[in-house]
Amino acid sequence: MSFIEVRNLCKEYRIVQTEKGISGAVKSLFHRQYTVKQAVNDVSFSLEKGEVVGYIGPNGAGKSTTMKMLSGVLIPTSGSVEVGGLVPYRQRRENARHIGVVFGQRSQLYWDLPISDTFDLYESLYDIPKEKFRKNCAFYTELLEMGDFIGQPVRQLSLGQKMKANIAIALLHDPDVLYLDEPTIGLDVTSKKVLRDAIRSINEEKKTTIMLTTHDMEDIEAVCQRLIMIDHGKKLFDGTLRDFRAKYNDGFSIKLEFDTVPPAWQEDGRYSLAEQSEQQWIIRAPEGVSAKDAMIELIGLYHPINLYVQEERIEDIVRSAYAVHNREE
């Protein structure tokens, strides 16, 4: 049996429908009508111990709802969830001792306390043995580069510093699983790199199973071995990044660089101009055309000084995948 088992998981919300005006509000008090929103719809997957999995989808796809059911915050409408042999919403206390959770929009920090004092509070909360606590404090302080600000009150910290502290707190008790919901949202490039490197190191050093939701596809490429994609509550894909590219990548791009203003673009219904600047174009090649033939043709048409073939960016492939499934529906 896998470490995390999700089978036919569903979560429905009943939403009260209220008519306009005071009379409509009064009427709804006595005769309520509901609509049902299917936030998660028959989702199944398994995670092995030590896996790092990206769980992606557009806003409202059901990512955070799934995370909350895995962590025991929400009770499924139907289906089953087991994490390390525990049913999260039934064995909440025991489950909490084995998981760490970080939501990018919420903080576990105390506004007026230094991070070091918050660490001490969580030592008592999780009843962490002294030696383990000491080692983990030192490990995460170094790994997340917190030495310069660990003694500062939270109110004085930047967004990136707060996120580092939240991740460290979630890991002080050595959880088996770490759930990360949008951990790099709003962070600068440097802070994102530190967090991505740290997530990889945590997985390698501690063998922590990590499930990550994000809209930043660079997070996925940097840290994840596997990708699960959902939309409208349904699972659309589950596999490696290589398999994902093979399934949804329908072409390639070519970058053309010019030493002067580019010539006029010749629309022929085959190649498409994806991006352009004063001296650079990104052109999408049509399906079925080889890179060699495309390069020869484009050189003859536009005479660039440099030309590069580019693999499709993961975010572009994700957009294509959503478009494919939307058309199928």
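See the structure printed just above.
To start, this report covers the structure provided alongside it. All residue numbers here refer to positions counted from 1 along the written sequence of the relevant chain. Local features are withheld for residues below a pLDDT of 70 in this predicted model, meaning they are given only at 70 or higher, and side-chain atom pairs are given and counted only at 80 or more; totals for whole chains, interfaces and linings count all residues. Think of the side-chain values as coming from all heavy atoms in the structure, minus any hydrogens and water.

**Comments concerning the nonpolar core**
Move 1: In this structure, Phe119, Met229 and Phe244 are the most contacted members of the largest nonpolar core, which totals 49 residues.
Move 2: Helix and strand labels come from DSSP, where a helix needs a run of H or I of at least four residues and a strand needs a run of E of at least two; each type is numbered from the N terminus. If you tally residues by element for this core, the top one is helix α6 (residues 159-171), at seven residues.
Move 3: Phenylalanine 119 has contacts with Phe133, Cys137, Thr141, Met146, Ile150, Ala165, Ala168, Ile169 and Leu172, leaving out every residue within four places of it along the chain.
Move 4: Only buried Ala, Val, Leu, Ile, Met, Phe, Trp, Tyr and Cys residues count toward a nonpolar core, and they belong to the same one when joined by side-chain atoms within 4.5 Å. For the exposure calls, accessible area comes from a 1.4 Å probe over protein chains only, and a residue counts as buried if that area is under 20% of its type's maximum, exposed if over 50%, partly exposed in between. One finds Leu9, Leu47, Val53 and Ile99 within the second-largest nonpolar core, a separate group that totals 23 residues. Residues count as neighbours in contact if any of their non-hydrogen atoms are within 4.5 Å of one another.

**Observations regarding the pattern of salt bridges**
Move 1: Definition used for salt bridges: Asp or Glu carboxyl oxygen within 4 Å of a side-chain nitrogen of Lys or Arg. Across all of its chains, the model carries 18 salt bridges by this definition.
Move 2: In this structure, glutamate 5 engages arginine 7 in a salt bridge whose closest nitrogen and oxygen atoms are separated by 2.8 Å.
Move 3: Arginine 7 sits in the partly exposed class, given a relative accessible area of 34%.
Move 4: The shortest N-O distance in the salt bridge between arginine 270 and aspartate 268 comes to 3.6 Å.
Move 5: Take aspartate 268: its relative accessible area is 37%, and that puts it in the partly exposed class.
Move 6: Here the residues in one salt-bridge network are Lys192, Arg196, Asp216, Glu218 and Asp219, joined through shared partners.

**A look at the environment of asparagine 41**
Move 1: Take asparagine 41: it is sitting in strand β2 (residues 33-47).
Move 2: In this structure asparagine 41 comes out as partly exposed when scored by relative accessible area, which is 24%.
Move 3: Here the alpha-carbon distance between asparagine 41 and leucine 273, two residues 232 residues apart in the chain, equals 38 Å.
Move 4: Apart from the residues within four sequence positions on either side, asparagine 41 is in contact with Leu9, Cys10, Gly233 and Lys234.

**Remarks on the pairing of strand β1 (residues 4-17)**
Move 1: DSSP-based pairing: two strands are paired if at least 2 bridges between them are found. In this structure, β1 lies alongside strand β4 (residues 78-83), joined through five bridges in antiparallel fashion. From the neighbouring strand, valine 6 faces β4, where its bridge partner is valine 81.
Move 2: Two strands pair when backbone bridges link them, and β1 and β2 are joined in this way by eleven bridges, in the antiparallel orientation. The residue bridging isoleucine 4 from the neighbouring strand is leucine 47, located in β2.

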